[in-house]
Amino acid sequence: MSARLTSLLIEDFRSIRGVQRISLDAPVVLIHGPNGTGKTSLLSAIEFALTGSVASLGRFDPTYIQYLPHKLSKTGRCRIQLDATGLASKSAEVEADGSRIWGTALLKEDLSRFFTERCYLPQAALGRLLELYEHQDSRRTDSPLTRFVKELLGLEALDALIDGLHASGDVRRFREPAPRYWMARSDSSSASRKTNAENARKSATEVRAAAEGALTALLDGFAPQGTPLHAASVSPHLKGLQEQADDRLAELARIRRDLNAAGRQLADAAGDGVSQRQIVEAAASAARQALETWARGPGAQLRNLFDLIRARFVQLSVSDANPLATHEAATSLVTTEFERIRVLLESDQSAEKELGAVQESLRQGKARLANIEEELGRDRGANQELAQALTAISSHIRDETCPVCGRDFSEVSDTPLAAHVSQEVQRLISAAGRVQSLIKDRSTTVGAMSNAQRRESDLTARLLSPEQRSASKLDLAQLSEWKNSLSAQLDSATEGTRLQTRSLAAALQLSVLNTRQAGVEGLRAELAQHAVALGRPIALEDVPIEFVLTDLTAFVESEEASAQQITQRLSDIETTLSELSLARAAETATAATLKAATEELALTKTRRDEAERRIAVGKELATRAQALRTTQVKQVFNEELNSVWQDLFIRLAPEEAFVPAFALPAIPGGSVEAILETIYRSGGKGGNPRAMLSAGNLNTAALTLFLALNLSAKPLLPWIIIDDPVQSMDDVHISQFAALLRTLKLVGRQVVLAVHDRQLFDYLALELSPTFNGDRLITVELGRSADGMTTAQWTPMVFEPDRAFAA
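Treat the numbers as computed from the prediction; the structure is a model and nothing was measured.

Some details on the overall build of the protein chain
Reasoning step 1: Summing up its helical and strand segments, the protein chain has 23 helices and 13 strands in all.
Reasoning step 2: Here the protein chain, with 807 residues, has 37% of them falling under the buried criterion.
Reasoning step 3: In the protein chain, the proportion of contacts linking residues at least 24 apart, taken out of those at least 6 apart, comes to 70%.

As structure tokens, then:
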């Protein structure tokens, strides 16, 4: 098996704080660290990622989940990620927060159990391994040791065969698992089935005979006498009759519909008397005259108005049949156009008014700009910088002598020089402020005039030309007149539509009366055609048409009744044929059942004899299987299990007088229950290893048992993970154990080993160092940093040829 663990990531798991990533991609991984640095936690992390739980902790504390995250974890949870090769899944990530576990483990349930029992030996379980493997009651068949022994011996199939043949030892054991065999010992059920089959056959024969009699009576006159009573023989005769009946019924139904329509037509015509026709004709004439009078008066005026409006609105459709609809369309067009022109003129008037205001604003702006320019011209000599210079000079004036030109100011003025300079400074400062205000006002005025000019351009563009304004005013006046005229002619349009509708209704009613009269005149010829089709004589001209219609209707009803009787009889024949077919099938089935019951009664004895013969064969087979099982158990226990375990134990404890071994089953034919015992090297049996071996050798026995279970059978997983296995071992034991680890590496096992002692770690690193190219050893040093974080320094060691020896 090529499966190998390749890398492990641990985050805040148990005593490991922080995130550590460690490579495991080597045949041997050797882990060292002082107590409390996380060796056991690292191995538990591997178990957690592989199985989704930590069974080594669960044996001692069912609530171990709450202790999985490190107590100083910032997130309150832990995370394990494990990568491997050679498995269906290549990677697994499992997390826990103290109350639950989530994620997907790398191994399924069966491989998880194999790993827990056969691949991982935790430190806490080493001293109790024999107890865990064997259970307190060594007879329990579900102990890990018992499962392994049965797996090794391959006894499941053989035990299943012996258990399956157990009932052959006594026929009474077949009462529940084989009730049919137990019933076959007596013949009562078979005889009862035969009697029931005979009664069913008799009843089926009677039903078949009754169906044949009924079918013969129904076929009288439809099929020749002697026709076989089968659907294949009868159907050809019935098919033609059915088609004729269907065609006749369809023809009669058509004629009935025509006769019913003729009856309704006669009834309607009877209601149309001479007085009714005169009333309708008078109403039609009056409506026509009223419409003509309206058309010559108000109608003509309305039509002239529509023509005037249509000259402007070509889309107007004028309808003489519905003047009101034309009036509504014209009103809509005129009103819409009137509103459009009115809004256009109001907009033009508003624009003209606003344009005058804008132009007045422009004239005022130009005058203001002229005033501003004039004031700026007067104060052009004002200078802020000159005022600042005079202020600086004033500090140098001591008397009436000017510090600039050196003249005596008192010669030209009675005002002191200092006062004169101060006044001039004040004047210059005041003038400079006024200039700045004027410049700002000029900028504001220029901006306002620019906006006014743009607005003037927009308003000018919106103004209508004088010609457009005049035309629009005339159009508005014309449309207003049309609106008034249309409003005045609304009642006339409504009256015209009403007269048109009344005239059309009267004309339609008169047309209906004329159509009915023409239809009644053609009914006698239509009834004559139906009489010929029915084979009846044609009635004379003096016979009232109502009598002719009644006679034909009665004849059609009589013919329909006859055709329906034929159809019903044909349907009864089809039903009886189906019942006869079922009766014959039932008769055949009951005959077969009777034959089967007779044969079963005869076969029961034969089967019972065969069953008893097979029971005897099964009893003999069970005896041979038990003998084979006994031989195989002795051979495997003596030659395989015990030999491997004893060899490993003697290599690690060569001075021990008692050697642990598996005990053979007390009953050779019984089930295999793995029991541990010790034997003297000089011969003879001792007690249970836990009672006979010292603490050190008891650990050795447990360790060698764990290794023997891996070496004596092909493993499902090639991993051996052991936590500090050299407890209570002396130097000889340790040396032999190192040699054993080398052997495990050579047979394809991946070994992960954690030790506490530094000297032992260095010794094992030397003994397990790579010996050929491609071999590898990884050493892992666990520790703590100054802030309490876990450190994990791993180092891969590869094979390096001895250069001096090679030279």
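Looking at a nonpolar patch on the surface
Reasoning step 1: A surface patch of nonpolar side chains, about 370 Å² in accessible area, is lined by L711, L746, V747 and F772.
Reasoning step 2: Within the secondary structure, F772 sits in the loop between α22 (758-767) and β12 (776-784).
Reasoning step 3: When its relative accessible area of 40% is taken as the criterion, F772 is described as partly exposed.

Some details on the confidence of the model for the protein chain
Reasoning step 1: Considering every residue of the protein chain, the mean pLDDT works out to 79; 82% of them sit at 70 or more.
Reasoning step 2: Looking across the protein chain, the model is least confident in helix α6 (residues 144-153), with a mean pLDDT of 57, and most confident in strand β3 (residues 28-32), with 95.

Digging into the nonpolar core
Reasoning step 1: With 45 residues, the main nonpolar core has L42 and I46 as its most contacted residues.
Reasoning step 2: The element best represented in this core is helix α1 (residues 39-51), accounting for seven residues.
Reasoning step 3: With residues up to four places along the chain from it excluded, the contact list for I46 reads L5, L8, L24, L82, I721 and V752.
Reasoning step 4: The next biggest cluster of nonpolar side chains, apart from the first, holds 34 residues, and it includes V28, F662, L676 and I722.

A closer look at the side chain of D775
Reasoning step 1: Within the secondary structure, D775 sits in the loop between α22 and β12.
Reasoning step 2: One polar contact links D775 to K745, side chain to side chain, over a distance of 2.9 Å.

Details of α1
Reasoning step 1: Along its 13 residues, α1 runs 19 Å from first to last C-alpha, staying within 8% of the 18 Å computed at 1.5 Å per residue.
Reasoning step 2: With 12 of 13 residues buried, α1 lies mostly within the body of the structure.
Reasoning step 3: Of the residues making up α1, those classed as buried are K39, S41, L42, L43, S44, A45, I46, E47, F48, A49, L50 and T51.

Considerations on the sheet that holds strand β6 (residues 101-104)
Reasoning step 1: If you walk across this open sheet you meet the five strands as β2-β1-β4-β5-β6, and the pairing is antiparallel. Edge strands, defined here as strands with exactly one partner in the open sheet, are β2 (16-23) and β6. Strand-to-strand twist across the sheet, computed as the mean angle between neighbouring axes with direction ignored, equals 10°.
Reasoning step 2: Bridging between strand β1 (residues 4-13) and β2 involves six bridges; their strand directions are antiparallel. Across the sheet, the residue bridging to L9 is R21, located in β2.

Looking at the packing of helix α12 (residues 298-312) against helix α16 (residues 466-488)
Packed helices, taken two at a time, are described by the angle their axes make and the gap between the axes.
Reasoning step 1: Remark: α12 packs on α16, axes separated minimally by 11 Å, with the N-to-C direction vectors making an angle of 145°. Viewed along their axes, α12 and α16 form a crossing whose handedness is left-handed. The residues of α16 that touch α12, namely those facing L305, F306, L308, I309 and R312, are D475, L479, W482, S485 and L486.
Reasoning step 2: Here the residues of the contact of α12 with α16 are counted per class, giving seven nonpolar, one polar and two charged.

Points about the pattern of salt bridges
Reasoning step 1: Taken as a whole, this structure holds 23 salt bridges when the rule is applied.
Reasoning step 2: Close ionic contact of R342 with E339 constitutes a salt bridge, the shortest N to O distance being 2.7 Å. Of this pair, R342 and E339 both sit in helix α13 (residues 323-378), separated by three residues, roughly a single helical turn.
Reasoning step 3: Since its relative accessible area comes to 32%, E339 is described here as partly exposed.
Reasoning step 4: What you see here is one network of salt bridges that share partners, running through R312, E337, R340 and D475.

Let's talk about the environment of L464
Reasoning step 1: By the secondary structure assignment, L464 is in the loop between α15 (417-462) and α16.
Reasoning step 2: It is 9.1 Å that separates the C-alpha atoms of L464 and L344, two residues lying 120 residues apart in sequence.
Reasoning step 3: Contact partners of L464, with chain neighbours within four places excluded, come to L344, L345, D348 and R469.

Some remarks on the environment of L707
Reasoning step 1: Topologically, L707 is positioned in helix α20 (residues 695-711).
Reasoning step 2: Residue L707 is classed as buried on the basis of its relative accessible area of 0%.
Reasoning step 3: For the pair L707 and I720, spaced 13 residues apart in the sequence, the C-alpha separation amounts to 8.3 Å.
Reasoning step 4: When near neighbours in sequence (up to four residues on either side) are disregarded, L707 contacts L648, I720, I722, L740 and L744.

A look at the environment of E800
Reasoning step 1: Here E800 is to be found in the loop between β13 (790-798) and α23 (803-806).
Reasoning step 2: Overall, E800 belongs to the exposed group, its relative accessible area being 63%.
Reasoning step 3: Sequence separation between E800 and T771 is 29 residues; the distance between their C-alpha atoms is 8.3 Å.

Side note on the pairing of strand β4 (residues 78-85)
Reasoning step 1: Within β4, six of the eight residues are buried, which leaves it mostly tucked inside the rest of the structure.
Reasoning step 2: As paired elements, β1 and β4 share seven bridges and run antiparallel to each other. By the bridge assignment for β4, R4 is matched with T85.
Reasoning step 3: Here β4 runs beside strand β5 (residues 91-96); their pairing, made up of six bridges, is antiparallel.

Examining the pairing of strand β10 (residues 719-723)
Reasoning step 1: Counted residue by residue, β10 has five buried out of five residues, so it is predominantly covered.
Reasoning step 2: Burial along β10 is two-sided: the face carrying W719, I721 and D723 and the face carrying I720 and I722 are both buried.
Reasoning step 3: With two bridges joining them, strand β7 (residues 120-121) and β10 adopt parallel strand pairing. Paired with Y120 across the strands is I721, a residue of β10.
Reasoning step 4: Here β10 runs beside strand β11 (residues 750-755); their pairing, made up of five bridges, is parallel.

Conventions and cut-offs
- Residues numbered from 1 in each chain as written.
- Predicted model: local features only at pLDDT ≥ 70, side-chain atom pairs only at ≥ 80, totals over all residues.
- Heavy atoms only, no water.
- Helix = DSSP H or I, 4+ residues; strand = E, 2+ residues; numbered from the N terminus.
- Buried < 20%, exposed > 50% of the residue type's maximum accessible area, 1.4 Å probe, protein only.
- Contact = heavy atoms within 4.5 Å.
- Patch = residues over 30% accessible without salt bridge, like charges linked within 9 Å, V, L, I, M, F, W, Y side chains within 5 Å.
- Areas by Shrake-Rupley, 256 points an atom, 1.4 Å probe, with all protein chains shown as cover.
- Salt bridge = Lys/Arg side-chain N within 4 Å of Asp/Glu carboxyl O.
- pLDDT = per-residue confidence, 0-100.
- Core = buried A, V, L, I, M, F, W, Y, C linked by side-chain atoms within 4.5 Å.
- Polar contact = N/O pair within 3.5 Å; in protein donor to acceptor, adjacent residues only side chain to side chain.
- Expected span 1.5 Å × (residues − 1).
- Pairing = 2+ DSSP bridges.
- Axes fitted to C-alpha atoms, helices over the stretch in contact; angles between N-to-C directions.
- Left-handed = near helix turned anticlockwise from the far one by under 90°.
- Nonpolar A, V, L, I, M, F, W, Y, C, P; charged D, E, K, R; others polar.

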